[in-house]
Amino acid sequence: MTKEMPAKKAADGNETTARRTAAKKAPAKKVPAKRAPAKKAGAARETADGGVAAKAGGTGGKPESRTALVRRARRINRELAEVYPYAHPELDFENPFQLVVATVLSAQTTDLRVNQTTPALFAKYPTPEDLAAADPEEVEEILRPTGFFRAKTKSVMGLSKALVEEFGGEVPGRLEDLVKLPGVGRKTAFVVLGNAFGRPGITVDTHFQRLVRRWKWTEATEPDKIEAAVGALFPKSDWTMLSHHVIFHGRRICHARKPACGACPIAPICPAYGEGETDPEKAKKLLKYEKGGFPGQRLNPPRSYLDAGGRPAPPLGAG
Ligand code: SF4
């Protein structure tokens, strides 16, 4: 996973106002023309609930009100929903057990790498009982491509054992149970709850942390505080898809080191516009995955993704 960089720049009041006007006239999905980089943000202050009252997000240099922040955050999510109507979890899975294992394996590697590795794992060990009783060396060999394979073997075998001994071989559908499983923290638990059980959850991964700070939704740095601050800006029913939209955008356009601002559909409403490449042609070259003409990360993506023109990832060994 890429190390994050803190957000440093944002628009001043005049530019924000101009951008809002522009955004009203033109759909946000349109790639913006080249513009001057945004200036550094004014001081932002953290509110009691972890939200931010920031000059950057407001107008005329005044601190942004809570209502304005909520409106602005929801607007960004709406725009992202239009850009990524097919957003989905990028780990291949067919049941909650596969999802919890795949999510644990995704630490410090890409979802693509995990998707290329798990078919062999689940073919050999389809149930928690099978994996709990496996020969650790054989599991290590299968997991080797995902990195940290010894620790990951311990985690997935340990969590399989816990599932068998404490939950009758089923993945529990409650946060408080999931986080007791070896290798499962709140982030993994919410991925599983949101995508395998349909229970709303915010997934605060590295992309989510970076983007919500760039957008001045929160100044919090700890995942739990980010989760609480951002969760308070949205209805619970939006949480899972919000997470997918933000993570899709972070992976494809708003990268850690070089955000592709000049090719970003939400540039007109982004307080961090200018933090990355603003030249449209140069920015286009930075796009990743399907927006850059490359396949996504799933070998078996959902139908909606394929219908929208997305391409599945190549299997391991396909080059
Ligand atoms: S890529 Fe888009 S969302 Fe990210 S900083 Fe640039 S304009 Fe903002």
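These numbers were taken from a predicted model, which means no experiment stands behind them.

Procedures and definitions
- Residues numbered from 1 in each chain as written.
- Predicted model: local features only at pLDDT ≥ 70, side-chain atom pairs only at ≥ 80, totals over all residues.
- Helix = DSSP H or I, 4+ residues; strand = E, 2+ residues; numbered from the N terminus.
- Buried ≥ 20, exposed ≤ 12 C-beta atoms within 10 Å, placed from the backbone.
- Contact = placed C-beta atoms within 7 Å.
- UniProt positions renumbered as here; feature names shortened; annotations may be inferred.
- Core = buried A, V, L, I, M, F, W, Y, C linked by C-beta atoms within 7 Å.
- Domains from an automatic or database assignment.
- pLDDT = per-residue confidence, 0-100.
- Expected span 1.5 Å × (residues − 1).
- Arc of directions from axis to C-beta.
- Axes fitted to C-alpha atoms, helices over the stretch in contact; angles between N-to-C directions.
- Left-handed = near helix turned anticlockwise from the far one by under 90°.

Q: Quick question: what am I supposed to make of the overall build of the chain here?
A: When you go through the chain residue by residue, the secondary structure sums to 14 helices and 2 strands. When the 319 residues of the chain are sorted by exposure, 46% land in the buried category. The contacts in the chain between residues at least 6 apart in sequence include a share of 62% that link residues at least 24 apart.

Q: How should the UniProt feature "binding site: [4Fe-4S] cluster" (unreviewed entry) in the chain be read in this particular structure?
A: Cross-referencing UniProt, the feature "binding site: [4Fe-4S] cluster" (unreviewed entry) maps to Cys254, Cys261, Cys264 and Cys270 in the present numbering. Across 17 residues, the annotated set stays spatially compact, with a maximum C-alpha separation of 10.8 Å. Summarising the element assignment, cysteine 254 is placed in the loop between helix H12 (239-252) and helix H13 (280-284). In this structure cysteine 254 comes out as buried when scored by C-beta crowding, with 24 C-beta atoms within 10 Å. In this structure, cysteine 254 is in contact with Leu211, Arg214, His249, Pro259 and Cys264, ignoring residues within four places of it in sequence. Structurally, the position occupied by cysteine 264 is in the loop between H12 and H13. We classify cysteine 264 as buried; it has 26 C-beta atoms within 10 Å.

Q: Explain the nonpolar core here, please?
A: Note that soluble globular proteins tend to have their nonpolar side chains buried in a common cluster. Judged by nonpolar contacts, the single largest core of 66 residues is most densely connected at Leu99, Val100, Val192, Val212 and Cys264. Top contributing element to this core by residue count: helix H3 (residues 96-105), with 7 residues. Mapped onto the domain boundaries, this core takes at least three residues apiece from domain 1 (13-87 + 214-221 + 234-307) and domain 2 (96-196). Contact partners of leucine 99, with chain neighbours within four places excluded, come to Leu91, Phe93, Val191, Val192, Asn195 and Ala196.

Q: Looking at this structure, I do not really get the environment of proline 145. What am I missing?
A: Take proline 145: it is sitting in the loop between helix H6 (136-143) and helix H7 (149-167). Linking proline 145 and threonine 117, residues 28 residues apart in sequence, is a C-alpha distance of 7.2 Å. Apart from residues lying up to four places away in sequence, proline 145 is in contact with Arg113 and Thr117.

Q: Sorry if this is basic, but what is going on with the confidence of the model for the chain here?
A: In this model, the chain carries a mean pLDDT of 84, and residues with pLDDT of at least 70 account for 80%. Here residues 1-59 scores under 50 on pLDDT; set against residues more than four positions off or in separate chains, the count is 131 contacts.

Q: Could you clarify how one ought to interpret helix H2 (residues 66-83) in this entry?
A: In an α-helix, one turn spans 3.6 residues, which is why side chains three or four residues apart end up on the same side. In a regular helix each residue adds 1.5 Å, so 18 residues correspond to 26 Å; H2 covers 26 Å between its end C-alpha atoms and thus fits that length. When H2 is considered as a whole, its buried residues turn out to be Leu69, Arg72, Ala73, Ile76, Glu79 and Leu80. One side of H2 holds all its buried residues, which, seen down the axis, span an arc of 125°.

Q: Is there a simple way to explain H6 in this structure?
A: Looking only at H6, the buried set comprises Val139, Ile142 and Leu143. In an axial view of H6, the angular spread of the buried residues amounts to 90°, which keeps them on one side of the axis. Of the exposed residues in H6, the ones pointing more than 90 degrees away from its buried face are Glu137 and Glu138. Next to the buried residues of H6 lie H3, helix H4 (111-124) and H7.

Q: Help me understand unusual backbone geometry in this model?
A: With the exception of glycine, most residues fall at negative phi, and the peptide bonds are largely trans. Even without a glycine there, the phi angle at phenylalanine 148 is positive, about 45°. Within the secondary structure, phenylalanine 148 is located in the loop between H6 and H7. A positive phi is found at lysine 216, a non-glycine position, where the angle reads about 60°. Note on placement: lysine 216 falls in the loop between helix H10 (206-214) and helix H11 (223-231).

Q: How should I be thinking about the packing of H3 against helix H9 (residues 186-196) in this particular structure?
A: A pair of packed helices is captured by two measures, namely the crossing angle of their axes and the spacing between those axes. At a minimum axis separation of 10 Å, H3 and H9 run at an interaxial angle of 150°. Handedness of the H3/H9 crossing: right-handed. Taken together, the residues of H9 that come into contact with H3 (itself represented by Pro96, Leu99, Val100, Thr103 and Val104) are Thr188, Val191, Val192, Asn195 and Ala196.

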